[in-house]
Amino acid sequence: MSNKEKRLNNIKQPRYIYFIICVSSVLFIFGIIGWLVLGSKKVESALKEKFLIHIYIKDESSQDAKDVLMEKLSNNNFVKTITFKTKEMALRDWYMNGGEEFMNQTQENFLPESIVVNIKADFVNDVSITKIKNIISGFENVSVVQYPNNIFNQFVIIRKICFYLLFIAFFMVVISLVLLSYLIKLIIFNNRFVIRTMTLVGASNRFISKPFEYRAIINGVISSVIAILGIGLVVFYLNNTFNEVKILVDRQIFVIVFLSIAFMGIFISWLSTYISISRYLRMPLEKLY
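Residues numbered from 1 in each chain as written. Predicted model: local features only at pLDDT ≥ 70, side-chain atom pairs only at ≥ 80, totals over all residues. Heavy atoms only, no water.

With that settled, consider the overall build of the protein chain. In terms of regular secondary structure, the protein chain is built from ten helices and four strands. Counting helices and strands in the order they occur from the N terminus, the protein chain gives α-α-β-α-β-α-α-β-α-β-α-α-α-α. For the protein chain, the share of sequence-separated contacts (at least 6 apart) that also reach a separation of at least 24 residues comes to 83%. Surface accessibility of the protein chain: about 17,900 Å² in total, with carbon and sulfur atoms responsible for 62%. (Helix = DSSP H or I, 4+ residues; strand = E, 2+ residues; numbered from the N terminus. Contact = heavy atoms within 4.5 Å. Areas by Shrake-Rupley, 256 points an atom, 1.4 Å probe, with all protein chains shown as cover.)

Below is the structure:
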């Protein structure tokens, strides 16, 4: 076989490697986005589970009044756990938060006693926390009620990020369908003489499209495996490099992400192939040239 014939034969071969690379890249990005979106729900839940309200008690309060206040707080359905913090414990926390230099100038422990209430996650929202604060403020011997206000802004930011990530994922899927349709057209163009021959001998459209669809499903499986391996390597690296990522490493999340990738890989490959081959089979034979 001459060099020219070899070059022509190579040109006619379907470039499925480009198809697999394209699908794998899209699935990889889709999987990373899905992991972050699902993980953000876990991060938000973790923040809610650790939400604390600090209730500062008046200095003149008696021990009986403190016990009564603890009992009243414990009877509320929004309370998960409740802890009493003495002046000594408050002073120790002050030191841990960098207040040692200031305290060295003062011989008296002026920090008040407090009650730390861990709120149930279902009640951690702006409306419920405001109501809870009003309830607690109405109790006797309560001086100040404090809680981290910025946590609600963090929830809003997390949800906005999730929305934008989902939009990017949808955009990537649309772009991938467009790119894959062009790749399928090239593959069909390389096989146009085979398609014409099969048409002339009376082969049905379904018979002609089956090999392309089966090949698309195989390519989708290969692309899914490549994307899953890529995501696994990225997660493994991040998990061993940054401690903050550990909260996002969850078996249930990965099962959902990997199953979604497998489904998307097969579905996108099959759908783009089916649309392209159906369009070509409806064309007049002359247009295949």
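Take the packing of helix H2 (residues 16-49) against helix H10 (residues 251-282) next. The geometry of H2 relative to H10 is characterised by a closest axis approach of 9 Å and an angle of 145° between their N-to-C directions. Once H2 is placed against H10, the crossing between them reads as right-handed. For the pair H2 and H10, contact is made by Phe19, Val23, Leu27, Phe30, Gly31, Gly34, Trp35, Leu38, Gly39 and Lys42 and by Ile253, Phe254, Ile256, Val257, Ser260, Ile261, Met264, Gly265, Ser269, Ser272 and Thr273, respectively. Looking at the contact of H2 with H10 residue by residue, the class counts come to twelve nonpolar, eight polar and one charged. (Axes fitted to C-alpha atoms, helices over the stretch in contact; angles between N-to-C directions. Left-handed = near helix turned anticlockwise from the far one by under 90°. Nonpolar A, V, L, I, M, F, W, Y, C, P; charged D, E, K, R; others polar.)

Counted as a void, the second largest pocket has a volume near 160 Å³. Looking at the lining of the second largest pocket, the elements with two or more residues in it are H2 and helix H7 (150-190). Broken down by class, the residue content of the lining of the second largest pocket amounts to seven nonpolar, two polar and no charged. (1 Å grid on protein atoms, 1.4 Å probe; cavity = no way out; pocket = protein on both sides within 12 Å on 5 of 7 lines; lining within 4 Å. Points joined across faces, edges and corners; volume = space filled by probe spheres on them.)

Moving on: the pairing of strand E1 (residues 52-57). Where burial is concerned, the two faces of E1 differ: the one with Ile53, Ile55 and Ile57 is buried and the one with Leu52, His54 and Tyr56 is not. Pairing geometry for E1 and strand E3 (residues 114-119), over five bridges, is antiparallel. Opposite His54, over in E3, you have Val116 as the bridge partner. (Buried < 20%, exposed > 50% of the residue type's maximum accessible area, 1.4 Å probe, protein only. Pairing = 2+ DSSP bridges.)

Attention now moves to empty space enclosed by the protein. What the rule picks out here adds up to one cavity of 30 Å³ or more. Roughly 50 Å³ of internal volume is contained in the largest cavity. Taken together, Tyr16, Phe19, Ile184, Ile187, Phe212, Arg215, Ala216, Asn219 and Thr273 make up the full set of residues lining the largest cavity. Going through the elements one at a time, H2, H7 and helix H9 (205-241) are the ones with two or more residues in the lining of the largest cavity. Looking at side-chain class alone, the lining of the largest cavity contains six nonpolar, two polar and one charged residues.

What follows is about the pattern of salt bridges. Scanning all chains against the criterion turns up four salt bridges. In this structure, Lys42 and Asp250 form a salt bridge, with 3.2 Å as the shortest nitrogen-oxygen distance. You can see Lys42 sitting in helix H2 and its partner Asp250 sitting in the loop between H9 and H10, a full 208 residues away along the chain. Its relative accessible area of 22% is what places Asp250 among the partly exposed residues. The salt bridge partner of Lys48 is Glu44, with a shortest N-O separation of 3.6 Å. (Salt bridge = Lys/Arg side-chain N within 4 Å of Asp/Glu carboxyl O.)

Let's shift gears to the packing of aromatic side chains. Enumeration over the complete set of coordinates arrives at seven aromatic pairs. Plain terms: the ring middles of Phe254 and Phe258 are 5.8 Å apart, the flat faces sit at 25° to each other, and that makes the pair stacked. Placement of the pair is Phe254 and Phe258 together in helix H10, with a separation of four residues, close to one helical turn. You can call Phe254 buried: its relative accessible area is 13%. Joined through ring pairs, the aromatic side chains of Trp35, Phe254 and Phe258 make up one cluster. (Phe/Tyr/Trp six-rings, centres within 6.5 Å; stacked < 30°, edge-to-face > 60°.)

With that out of the way, let us pick up helix H3 (residues 63-74). Between the first and last C-alpha of H3 there are 17 Å, a value that for twelve residues agrees with the 16 Å anticipated at 1.5 Å per step. Among all positions of H3, only Ala65, Lys66, Leu69, Met70 and Leu73 are buried. Buried residues along H3 cover an arc of 140° about the axis, so they all sit on one side. Exposed positions of H3 whose direction lies more than 90 degrees from the buried face are Asp64 and Glu71. Contacts made by the buried residues of H3 are with E1, strand E2 (79-85), E3, helix H6 (126-137) and strand E4 (142-146). (Expected span 1.5 Å × (residues − 1). Arc of directions from axis to C-beta.)

Topologically, Ile268 is positioned in helix H10. Residue Ile268 is classed as buried on the basis of its relative accessible area, which comes to 4%. Separated by 48 residues in the primary sequence, Ile268 and Gly220 have C-alpha atoms spaced 7.6 Å apart.

Right, let's talk about the nonpolar core for a bit. Counting 31 residues, the largest nonpolar core has Trp35, Leu180, Ile188 and Ile195 as its most contacted members. For this core, the secondary structure elements donating two or more residues are H2, H7, helix H8 (192-200), H9 and H10. Residues within four places of Leu180 in sequence aside, it is in contact with Phe19, Cys22, Val23, Ile268 and Ser272. Core analysis: the second largest hydrophobic core is formed by 23 residues, Leu69, Phe78, Ile119 and Ile129 among them. (Core = buried A, V, L, I, M, F, W, Y, C linked by side-chain atoms within 4.5 Å.)

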